[in-house]
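Tertiary structure, described
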Amino acid sequence: MKWSKQLHTKLTGLTHAITRFPLTSLFLLAAVINNAYQISIEQDNVKLLLTFILGAFLSAVAQAAYERFYSKRSTQWLLNIIAMILTAGYYLLIKPSPSLSTEIEIRTVVALFALFWAFVWVPIIKSPISFNKSFMISFKSLFNSLFFAAIIFAGISIILAAFSQLILTLNHTAYAHTANLVFILFAPLYFLSLIPIYPGAKEEEIANTAHCPKFLAILLSYILIPLVTVFTLILVIYILKNIGGEFWSDNLLEPMLVSYAITVILLYILVSELDNRLTRLFRKIFPKVLVPIVLFQIVSSAISLGDTGVTHTRYYLILFGIFAAISGILFSLLPIRKNGIIAALLIVFAAISIVPPVDAFTISRNSQISTLEKVLVKNRMLEGNQITPKASVPKRDQKVITNTVEYLTRMEYTKDIKWLPKSFDPYNDFYQTFGFEEYQDEEKTNQSIYLNMESSTPLDITGYDRFMELELYPAGKDGEEGMGDFEKAGKTYSLVKNTKGNQTELTLLGENNQELIHFDTQKIYDKFGHSNANKENISADDATFTKENSRAKLTIVVQNVSIEKQSNQNNAGVYVFIKIK
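1. Looking at the nonpolar core
Where a protein is soluble and globular, its nonpolar side chains tend to be buried together. F119, F282, L376, I401 and F434 are the most contacted members of the largest nonpolar core, which has 111 residues in total. Sorting elements by how many residues they give to this core places helix α10 (residues 253-270) first, with eleven residues. In this structure, F434 is in contact with L376, M381, I387, P389, K390, I401, V405, L420 and F424, ignoring residues within four places of it in sequence. Formed by 33 residues, the second largest nonpolar core is a distinct cluster that contains L516, A552, V561 and V574.

Shown next, in the form of structure tokens:
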């Protein structure tokens, strides 16, 4: 039967992919096992997952290099050992970090991106097979693997849902386990099974595998090219209309220009093997249009560096702009079968961006610290390693200080600044350190701040007599509201909330309504009022407030807090721990 033969062919292809890429298969299997364990205990270990994925990419590129340039088995083993050493080195680098920082995540993503392009390019180096064919094969294989993986996952999910609904209730993790197997193991192996062994392959076989389906050819030629043409006209008109002013300061345009450049480059490679009037015109005109547009973007991004300094985002914008401009020039000068040089160029640029000392993060860290120090020195706030708070700082400089400190905090670089206190916490210490609020403009002064205590945080309840969970919403009118009574040693105690306007106090009363201790909840809002609105979590230490005297002890642990700066309508959810002495 036809379907059974097709199934047999697909299964044979998967088996062949496992034997052809043994180390890659082992890394993928290790990733699946790790994920399965983490799903079962409902936790995650992203470090191990990224390590195994990186190992799978490295070993796949190593196998591609072996097939293209070597034939001895000993060389294959050597390349696989190198891949394993690099993978182990990566894990040792990220293991000491308590959590994955933004820097580590971006470096890893860029490395994986470069390795994917290497996997496409390496098999056809100095080969009669063009890079365009290799890219089309990889593009089709990636699409097919993701498409079939999605279909399989959807089908299994429907079966699991029906089984759980009609026969036996399944654990909710069944769907996560299914996704783990399908997308981490099946999809990559199926992708690899569709990639031919280029050396020694017949020209007809490669041509058939790289053939662009009619549907895709129509989509590229008669839909995407016209759409890109119209967008290009709009973009050119906007640039010409605003070249005298707004264009150079419009940061929102940067992502649009980068997306445009990516689209043009990918579309150029995809239509390189298509021969019709629209594709010929596209290949002839658009590389030349791409160059000036990208150059404008580079200049615009570079101009803003004087005020803001270099961030990793802007570094990548400028670096990609340079790559896109060079690509446009090469597309204009070289024949289409030489497009492989673009892949080599992209790999080099990716390596530059993640390898010190000229990588995006070393340069951005040094630039942001330098920018901050220059502004502080200019305003006489920094002498030697001593910083002096100052309220009378120009608004423009306040904004620069705020933005640089926010960036350095987000990237976890504040520890590299010698003149900042070791325990510097910008969300609580910014005002005391610099002498002004983080946000000075009206829009941000009237911001709302919403914070939550970090989840799954253990709390020490040893020695307390009573625990209560309260909401500190201001009452509709002033007065007292009982929060609860309890007894100890035959005596009755009460916790009362006293509200007056927007102020709320918690008071512990003993026999005959004698006040034992009270706590002003305004301390909570005063502490977190200088917090960054973008910060979501607060630690247990920051969330804890304690007041104690000879009669009693109150400990307030904030679970969540909402601060409305404009209306001063503040509220919080808290745990209250009470100890009677």
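Next, the rest of the story.
2. Quick look at the sheet that holds strand β8 (residues 515-520)
Sheet strands line up and pair through hydrogen bonds in the backbone, either parallel or antiparallel. Pairing is antiparallel across the open sheet formed by four strands, whose spatial order is β5-β6-β7-β8. Each having just a single partner strand, β5 (479-488) and β8 make up the two edges of the open sheet. Across the sheet, the axes of successive neighbouring strands diverge by a mean angle of 20 degrees, strand direction being ignored. Pairing between strand β6 (residues 491-500) and strand β7 (residues 503-509): seven bridges, direction antiparallel. Residue pairing in the sheet places K497 in a bridge with L506 of β7.

3. Thoughts on helix α16 (residues 426-434)
Where α16 is concerned, the buried positions are P426, Y427, N428, F430, T433 and F434. Elements in contact with the buried residues of α16: α14 (360-378), β2 (386-387), α15 (395-410), α18 (522-528) and α19 (540-543). Downstream of α16 by a residue or two, G435 has a phi angle that is positive, lying close to 90 degrees.

4. Things to note about helix α13 (residues 340-354)
Here α13 spans 22 Å end to end across 15 residues, near enough to the 21 Å set by a 1.5 Å rise per residue. Restricting attention to buried positions, one finds in α13 the residues G340, I342, A343, A344, L345, L346, F349, A350, S353 and I354. Of the surrounding elements, those touching the buried residues of α13 are α5 (102-121), α6 (131-166), α12 (312-333) and α14.

5. Let's talk about the packing of aromatic side chains
A complete count under the given rule lists 27 aromatic pairs for this structure. A centroid spacing of 5.6 Å and a plane angle of 75 degrees characterise the contact between F147 and F148, whose relative ring orientation is edge-to-face. Looking at F148, the relative accessible area reads 36%, which means it is partly exposed. By the ring-pair criterion, three or more aromatic residues cluster together here, those being F143, F147, F148, F186 and Y190. The ring of F69 carries R68 above its face, with NZ or CZ at 5.7 Å from the centroid. Over the ring of Y413 we find R365; its NZ or CZ atom is 5.4 Å from the centre of that ring.

6. What to know about the pattern of salt bridges
Under the defined criterion, the tally for this structure stands at eleven salt bridges. Here E273 and K133 are joined by a salt bridge, their closest N and O atoms 3.3 Å apart. Note that E273 is positioned in the loop between α10 and α11 (277-308) and K133 in helix α6, a separation of 140 residues in sequence. Look at E273 and you get partly exposed, because its relative accessible area is 39%. Among the charged side chains, a network of salt bridges with common partners joins E103, R107 and D359.

7. A closer look at the packing of α12 against α13
At a closest axis distance of 11 Å, the pairing of α12 and α13 adopts a crossing angle of 165 degrees. Comparing their axes, α13 and α12 come out roughly antiparallel. Crossing of α12 against α13: the hand is right-handed. On the side of α12, the interface is formed by Y315, Y316, L319, I322, F323, I326, S327, L330 and F331, while α13 contributes I341, I342, L345, L346, F349, I352, S353 and I354. Residue composition of the contact of α12 with α13, grouped by class: 15 nonpolar, two polar and no charged.

Reading the values: the criteria
Residues numbered from 1 in each chain as written. Predicted model: local features only at pLDDT ≥ 70, side-chain atom pairs only at ≥ 80, totals over all residues. Heavy atoms only, no water. Core = buried A, V, L, I, M, F, W, Y, C linked by side-chain atoms within 4.5 Å. Buried < 20%, exposed > 50% of the residue type's maximum accessible area, 1.4 Å probe, protein only. Helix = DSSP H or I, 4+ residues; strand = E, 2+ residues; numbered from the N terminus. Contact = heavy atoms within 4.5 Å. Pairing = 2+ DSSP bridges. Axes fitted to C-alpha atoms, helices over the stretch in contact; angles between N-to-C directions. Expected span 1.5 Å × (residues − 1). Phe/Tyr/Trp six-rings, centres within 6.5 Å; stacked < 30°, edge-to-face > 60°. Lys NZ or Arg CZ within 6 Å of the ring centre and 35° of its normal. Salt bridge = Lys/Arg side-chain N within 4 Å of Asp/Glu carboxyl O. Parallel < 35°, antiparallel > 145°, perpendicular 65-115°, else oblique. Left-handed = near helix turned anticlockwise from the far one by under 90°. Nonpolar A, V, L, I, M, F, W, Y, C, P; charged D, E, K, R; others polar.

Nothing here speaks to function; it is all geometry.
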